[in-house]
Amino acid sequence: MAWGMPKIRAAQLCGGVFAVLGLVLLFTPHVVPAVFDLESAVSTEIIARRAGILFAGLAYLSLSTAVHPRNATKDRIDQAIALLLMGLAILGAVEWINGRVGLGVWLAMGTEILLAGLLLTAREERQGQ
């Protein structure tokens, strides 16, 4: 028996989170140092804006493929996004353990782990549901 959120909803949720994050990083990059308890610098804001563009691309990828029928390519896209999210969570944990970021990183890590889990456990909807 399959369990979890429907695949289309999981992909749409990820796409929505990525879109919001992309916009926040692009237009308010000064938020990053505050959330992660980093020293604010021009370089931090430049990297935040560049990350915003990456998240905008992920938002488009997630949202544009959400409604497509399941196939091997779509499965690999979901797996790749889950891998990316888990990688970010692991990097966040390493940075926190090494004392380079503050407690705000746990919000990011929790979101990343949740979204990766949703993508990997999402179920296909049956016809007529």
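The preceding data block contains the structure.
From a predicted model like this one, the values you see are computed outputs, not experimental measurements.

Parameters at a glance
In every chain, residue numbers begin from 1 and rise along the written sequence. Thresholds applied to this predicted model are a pLDDT of at least 70 for local features of residues and 80 or more for the giving and counting of side-chain atom pairs; totals over whole chains, interfaces and linings are not thresholded and use all residues. Each side-chain value is derived from all of the structure's non-hydrogen atoms; neither hydrogens nor water enter the calculation. Axis lines are fitted to C-alpha atoms, over the contacting stretch for helices. Their N-to-C directions set the angle, which ranges from 0 to 180 degrees. Numbering of helices and strands runs from the N terminus; a helix is a DSSP stretch of H or I covering at least four residues, while a strand is a stretch of E covering at least two. Roughly parallel covers angles under 35 degrees, roughly antiparallel covers those over 145, roughly perpendicular covers 65 to 115, and oblique covers all other angles. The sense of a crossing depends on the near helix, which, turned anticlockwise from the far helix by less than a right angle, makes the crossing left-handed and, turned clockwise, makes it right-handed. Contacts are assigned to residue pairs that have any heavy atoms within 4.5 Å of one another. Residues are grouped as follows: Ala, Val, Leu, Ile, Met, Phe, Trp, Tyr, Cys and Pro are nonpolar; Asp, Glu, Lys and Arg are charged; all remaining types, including Gly, are polar. Any carboxyl oxygen of Asp or Glu within 4 Å of a side-chain nitrogen of Lys or Arg constitutes a salt bridge here. With a 1.4 Å probe rolled over the protein chains alone, any residue whose accessible area is under 20% of its type maximum counts as buried; one over 50% counts as exposed, and the rest are partly exposed.

1. Examining the packing of helix H1 (residues 7-27) against helix H3 (residues 42-65)
Right, on to step 1. Following both chains from N to C, one finds H1 and H3 inclined at 155°, their axes separated by 7 Å at the closest point. Classified by the angle their axes make, H1 and H3 are roughly antiparallel. Crossing geometry of H1 relative to H3 is assigned as left-handed. Counted together, Ala 11, Gln 12, Cys 14, Gly 15, Gly 16, Phe 18, Ala 19, Leu 21, Gly 22, Leu 25 and Leu 26 of H1 and Ala 48, Arg 49, Ala 51, Gly 52, Ile 53, Phe 55, Ala 56, Leu 58, Ala 59, Ser 62 and Leu 63 of H3 form the full contact between these two elements.
Right, on to step 2. Of the residues assigned to the contact of H1 with H3, the class counts are 15 nonpolar, six polar and one charged.

2. So, the side chain of Glu 112
Right, on to step 1. Following the sequence through the fold, Glu 112 ends up in helix H5 (residues 105-121).
Right, on to step 2. The contact partners of Glu 112, leaving out residues within four places of it in the chain, are Leu 85, Leu 88 and Ala 89.

3. A few points about the pattern of salt bridges
Right, on to step 1. Per the counting criterion, the structure on display carries four salt bridges.
Right, on to step 2. With its nearest N and O atoms 3.8 Å apart, the salt bridge here joins Arg 49 to Glu 45. Of this pair, Arg 49 and Glu 45 both sit in helix H3, separated by four residues, roughly a single helical turn.
Right, on to step 3. A relative accessible area of 37% means that Arg 49 is categorised as partly exposed.
Right, on to step 4. According to the relative accessible area criterion, Glu 45 is partly exposed, its value standing at 22%.

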